[in-house]
Amino acid sequence: MNFDVWFHKQDKLIQIILLIIPFVGWIVDLLVRWSAFLKNQSTVNLIMALVITIFGEFWVLTILDAVWIALNNKLFLEE
């Protein structure tokens, strides 16, 4: 599963747009988080994937990820 690689190859503006669209942002965030966890097997990636899976529909976390990408070029707490 290489969705995280595909996502990070996109332009920063495309990444932000994909994350701020309400339902699409949650799905993209889920795919990127679980893909990163499956690749790295990191505890931080697992915790964030579970948090996004359970609480991601509240849209606050995806907006946080969009802002974090704008500032740091990666998702919040992604290894």
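Everything below is about the structure shown above.
Attention here is on the structure that accompanies the text. This structure is a prediction, so every number in the text was calculated from the model and none was measured.

## Comments concerning the packing of helix 3 (residues 22–40) against helix 5 (residues 60–72)
So, point 1. It is at 9 Å that the axes of helix 3 and helix 5 come closest, and there the two elements cross at 70°. Regarding the angle of helix 3 to helix 5, the classification is roughly perpendicular. At the point where helix 3 passes helix 5, the crossing takes the left-handed sense. Seen from helix 3, the contacting residues are Gly25, Trp26, Asp29 and Arg33; seen from helix 5, they are Leu61, Thr62 and Asp65.

## A word on helix 2 (residues 12–20)
An α-helix turns once per 3.6 residues; consequently, residues spaced three or four apart project the same way.
So, point 1. Every buried residue of helix 2 is accounted for by Gln15, Ile16, Leu18 and Leu19. Looking down the long axis of helix 2, one finds its buried residues gathered within 160° of arc, a one-sided arrangement.
So, point 2. As for helix 2, its buried residues are in contact with helix 1 (3–9), helix 3 and helix 5.

## What about helix 5?
So, point 1. Its 13 residues give helix 5 an end-to-end C-alpha distance of 18 Å, which sits within 8% of 18 Å, the value for a rise of 1.5 Å per residue.
So, point 2. When we look at burial in helix 5, the residues that qualify are Thr62, Asp65, Ala66 and Ile69. For helix 5, the buried positions fall inside an angular range of 100° around the axis, keeping them on one side. In helix 5, the exposed positions that point more than 90 degrees away from the buried face belong to Val60 and Leu71.
So, point 3. Buried residues along helix 5 sit in contact with helix 1, helix 2, helix 3 and helix 4 (43–55).
So, point 4. Asn73 sits one or two residues past helix 5 and shows a positive phi near 65°.

Rules used throughout
Residues numbered from 1 in each chain as written. Predicted model: local features only at pLDDT ≥ 70, side-chain atom pairs only at ≥ 80, totals over all residues. Heavy atoms only, no water. Axes fitted to C-alpha atoms, helices over the stretch in contact; angles between N-to-C directions. Helix = DSSP H or I, 4+ residues; strand = E, 2+ residues; numbered from the N terminus. Parallel < 35°, antiparallel > 145°, perpendicular 65-115°, else oblique. Left-handed = near helix turned anticlockwise from the far one by under 90°. Contact = heavy atoms within 4.5 Å. Buried < 20%, exposed > 50% of the residue type's maximum accessible area, 1.4 Å probe, protein only. Arc of directions from axis to C-beta. Expected span 1.5 Å × (residues − 1).

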